[in-house]
Protein chains: 2
Amino acid sequence: MEKTDLIQLKHLEAKQKMKFGVSVDGVIFGFDENELKVLLIRCDMEPYVGQWSLVGEMVNLDETLEQAANRILFNQTGLKNVFLQQVKTFGILDRHPYGRVVSVAYNSLLKIEDFKLNSNSNENEAHWHDITTLENLAFDHMEILNTCLNKLRKQVREEPIGFELLPEKFTLSQLQNLYERILGVELDKRNFRKKILKMKLIVDLQEYQTNVAHRPAKLFSFDKERYEQLRKSGLIFDL
Amino acid sequence: MEKTDLIQLKHLEAKQKMKFGVSVDGVIFGFDENELKVLLIRCDMEPYVGQWSLVGEMVNLDETLEQAANRILFNQTGLKNVFLQQVKTFGILDRHPYGRVVSVAYNSLLKIEDFKLNSNSNENEAHWHDITTLENLAFDHMEILNTCLNKLRKQVREEPIGFELLPEKFTLSQLQNLYERILGVELDKRNFRKKILKMKLIVDLQEYQTNVAHRPAKLFSFDKERYEQLRKSGLIFDL
DNA sequence: ACAAAAGTGTTCGCTCTACACCCATGG
DNA sequence: CCATGGGTGTAGAGCGAACACTTTTGT
């Protein structure tokens with residue numbers, strides 16, 4: 001057999017392997033009632049019927065992974081233009097009843113206030129779950145979730161993505177609480193404020209809370225333009 | 001139609017989508033002649049015939065992604081138990097002549113001395129390329145390589161993976177050179193040594209270089225046990 | 001003796017950490 | 001007037017950056 005024939009044969013064999021399914025699983029994080037939460041749905045697939053699972057679907061043959069992730073997110077939440085980031089692809093054998101399916105996990109961060117506005121229309125079974133009390137998820141979703149949570153914890157120390165989880169206007173205490181919950185540590189109030197304000201990534205709105213039974217807190221917002229500037233010139237950020 | 005029928009239908013439709021190919025592309029890094037290098041092969045697939053490409057193959061239906069990555073690495077280098085880490089999955093449309101193929105990119109770091117010992121048997125066209133002078137790779141491999149290189153640069157600042165690229169016994173100057181090449185910066189010799197030695201991750205072997213036309217340097221080796229200890233107790237590492 | 005790389009300490013500024021009290025509001 | 005969370009500064013320790021000369025070997 002000639003060398004070119006061998007190559008043709010190799011390519012023919014390779015095409016026999018195109019029988020994979022590819023799914024996208026979205027790990028959708030929100031922050032509410034002072035807790036970090038993840039959005040889960042009820043699984044309708046044997047042998048996991050009734051168990052909680054991440055929000056996932058098969059990727060269509062004519063859409064990119066990013067498009068699939070955005071589609072899934074929109075179907076569940078009614079939201080577009082939400083923070084979305086690929087984390088890792090899971091490809092062990094027998095992880096899915098359909099056959100050989102590899103799953104690409106995406107982290108998504110959204111402001112729960114937006115979710116509430118957009119999710120009243122759908123009657124699906126999606127619910128927010130406190131991340132500290134999860135067990136017995138469908139498929140290998142427990143592993144996926146742990147991996148994605150670790151990624152979030154690492155990333156939140158290095159980039160100002162925490163803002164994606166807060167309302168447009170927030171107080172420094174809310175921000176500190178968010179970090180404490182994600183990282184699972186207590187932070188010193190004065191040091192935290194100094195560090196955050198020195199970065200100049202948040203803007204003092206000169207507004208205050210109202211109707212609170214204590215001294216009203218100042219409201220701030222995230223300065224995305226300044227963030228992009230810093231990023232181009234080599235951002236350094238540490239918790 | 002009943003609800004359970006709808007669910008069955010949904011699952012049938014989903015199975016129609018299982019026509020993906022999944023490939024693994026290995027970005028195999030080595031360090032030699034004081035340069036960071038990547039292993040490339042000649043592509044034999046239209047329309048990229050003759051162009052340089054990453055080392056990639058289709059994943060078999062009965063192997064995991066990790067197994068595929070290890071298989072590819074072994075076929076090209078004859079090496080097992082090499083540092084291997086998933087980086088990202090690339091899934092745009094029309095990136096591959098076979099049809100819809102998503103590719104999972106893996107970073108691999110190896111000691112080039114080991115490679116030389118194991119690769120004499122194969123007659124393939126793999127060659128090491130200086131990472132600073134690459135262009136016109138096949139497929140979307142230029143993008144994959146850039147993503148993987150950025151990951152390496154980031155990771156090398158946070159974890160002691162640089163040792164994977166050096167011989168068992170190395171000098172502090174070699175180590176410093178490695179960091180300088182990967183990061184593309186110059187480092188202060190005294191400060192670098194202080195920082196590295198303070199971490200206690202390397203062991204003074206009480207041996208010296210021989211046959212060098214200058215004062216012989218001390219040889220060190222990486223202390224993997226101590227690294228695992230530190231990791232468990234929350235390793236902090238910075239360049 | 002000379003070329004070439006190895007090896008070694010100190011100073012200064014900055015950053016991180018620990019820590020305690022007064023303030024503004026609603027009830 | 002009391003309960004609740006908001007808001008503020010300083011001192012000490014540790015860390016990172018800058019910097020120049022002596023040592024050892026081969027030729």
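Anything mentioned here points back to the structure above.
Quick summary incoming for the structure in this document. The shown structure was predicted, so the numbers you read here are calculated from the model rather than taken from an experiment. (Residues numbered from 1 in each chain as written. Chains lettered and ligands numbered in written order. Predicted model: local features only at pLDDT ≥ 70, side-chain atom pairs only at ≥ 80, totals over all residues. Heavy atoms only, no water.)

Let's shift gears to the overall build of chain A. Secondary structure summary: chain A contains 7 helices and 9 strands in total. The C-alpha extent of chain A, read off along each of the three principal axes, is 80 × 45 × 30 Å. Buried residues in chain A amount to 48% of all 239 residues. Contacts in chain A between residues at least 24 apart in sequence constitute 64% of all its contacts with a sequence separation of at least 6. Averaged over its 33 positive side-chain charges, chain A has a centre that lies 8 Å from the centre of its 35 negative ones. (Helix = DSSP H or I, 4+ residues; strand = E, 2+ residues; numbered from the N terminus. Buried < 20%, exposed > 50% of the residue type's maximum accessible area, 1.4 Å probe, protein only. Contact = heavy atoms within 4.5 Å. Lys, Arg positive; Asp, Glu negative; His and termini not counted. Charge placed at Lys NZ, Arg CZ, Asp CG, Glu CD.)

Before going further, it helps to spend a moment on the packing of aromatic side chains. All names here are of chain A. Inspection of the entire model under this criterion finds 12 aromatic pairs over all chains. Ring geometry for Phe115 against Trp128: centres 5.1 Å apart, planes inclined by 80°, an arrangement best described as edge-to-face. Here Phe115 is found in helix H3 (residues 112–118), whereas its partner Trp128 is found in strand E7 (residues 127–130), with 13 residues between them in sequence. Three or more aromatic residues link up through ring pairs in this structure, and these residues are Phe163, Phe170, Phe222 and Tyr227. Of note, Lys88 hangs over the ring of Phe90, and the distance from its end group to the ring centre comes to 5.4 Å. (Phe/Tyr/Trp six-rings, centres within 6.5 Å; stacked < 30°, edge-to-face > 60°. Lys NZ or Arg CZ within 6 Å of the ring centre and 35° of its normal.)

Another aspect to go through is the protein's contact with DNA strand C. Around DNA strand C, the surrounding shell holds 21 residues, and the nearest of these are Val212(A), Ser173(B), Lys189(B), Lys194(B) and Lys218(B). Close to the protein, within 4 Å, the atoms of DNA strand C belong to sugar or phosphate groups at a rate of 42%. The separation between a base nitrogen of DNA strand C and a polar side-chain atom of Asn191(A) is 3.1 Å. Within the backbone of His214(A), an N or O atom sits 3.4 Å from a base oxygen of DNA strand C. Those elements that place two or more of their residues in the surface near DNA strand C are helix H6 (189–199) of chain A together with helix H6 (189–199) of chain B. When the residues that make up the surface near DNA strand C are grouped by side-chain class, the tally is 6 nonpolar, 4 polar and 11 charged. (Near = heavy atom within 4 Å. Polar contact = N/O pair within 3.5 Å; in protein donor to acceptor, adjacent residues only side chain to side chain. Nonpolar A, V, L, I, M, F, W, Y, C, P; charged D, E, K, R; others polar.)

With that settled, consider the protein's contact with DNA strand D. In the vicinity of DNA strand D lie 21 residues, with Lys189(A), Lys194(A), His214(A), Lys218(A) and Arg215(B) positioned nearest. The sugar-phosphate share of atoms of DNA strand D within 4 Å of the protein amounts to 37%. Lys189(A) is positioned such that a nitrogen or oxygen atom in its side chain is 2.7 Å from a base nitrogen of DNA strand D. Within the contact set of DNA strand D, a phosphate oxygen lies 3.3 Å away from a side-chain nitrogen or oxygen of Arg193(A). For the surface near DNA strand D, the elements supplying multiple residues, two or more each, are H6 of chain A together with H6 of chain B. Partitioning the surface near DNA strand D into residue classes produces 6 nonpolar, 4 polar and 11 charged.

Another point: the side chain of Ser103(A). Residue and element names in this part refer to chain A. Tracing the sequence through the fold places Ser103 in strand E6 (residues 101–109). At 2.5 Å, the side chain of Ser103 and the side chain of Asp25 are in polar contact. Other than its neighbours up to four places away in sequence, Ser103 contacts Ser23, Val24, Asp25, Lys88, Thr89, Phe90 and Arg95.

The partner chain B presents 37 residues to the 37 residues of chain A that form the contact. Put simply, chain A and chain B have 4 salt bridges between them. Its salt-bridge partner being Lys154(A), residue Glu158(B) comes within 3.0 Å of it at the nearest N-O pair. Joining chain A to chain B, the criterion identifies 20 residue pairs in polar contact (both at pLDDT 80 or more). Of all the secondary-structure elements, those providing two or more residues to the side of chain A that touches chain B are helix H1 (3–15), strand E1 (21–32), strand E5 (83–90), E6 and helix H4 (141–158) of chain A. Looking at the side of chain A that touches chain B element by element, the count peaks at 5 residues for H1(A). Grouping the amino acids of the side of chain A that touches chain B by side-chain chemistry returns 17 nonpolar, 9 polar and 11 charged. (Salt bridge = Lys/Arg side-chain N within 4 Å of Asp/Glu carboxyl O.)

Ranked by internal contacts, the top residues of the largest apolar core, which has 44 residues, are Val22(A), Val24(A), Val22(B) and Val24(B). Sequence-distant contacts of Val24(A), that is, excluding residues within four places in its chain, are made with Val55(A), Gly56(A), Glu57(A), Val59(A), Leu65(A), Ala68(A), Ala69(A), Ile72(A), Ser103(A), Val104(A) and Tyr106(A). (Core = buried A, V, L, I, M, F, W, Y, C linked by side-chain atoms within 4.5 Å.)

The next thing to look at is the packing of H4(A) against helix H5 (residues 172–183) of chain A. Residues and elements named next belong to chain A. Across the interface, H4 lies against H5 with an axial gap of 9 Å and an inter-helix angle of 140°. For the element pair H4 / H5, the angle class is oblique. The handedness of the crossing between H4 and H5 is left-handed. Facing H4, whose interface residues are Leu152, Arg153, Val156 and Arg157, H5 presents Tyr179, Ile182 and Leu183. Grouping the amino acids of the contact of H4 with H5 by side-chain chemistry returns 5 nonpolar, no polar and 2 charged. (Axes fitted to C-alpha atoms, helices over the stretch in contact; angles between N-to-C directions. Parallel < 35°, antiparallel > 145°, perpendicular 65-115°, else oblique. Left-handed = near helix turned anticlockwise from the far one by under 90°.)

Between the two copies, chain A and chain B, the superposition gives an RMSD of 0.0 Å; the rotation angle is 180° and the shift along the axis is 0.0 Å. Those values place the two copies in the arrangement expected of a two-fold rotation axis. In this assembly, 100% of the residues forming the interface of chain A have copies in chain B that are likewise at the interface, indicating an isologous arrangement. (Least-squares fit on C-alpha atoms with pLDDT ≥ 70 in both.)

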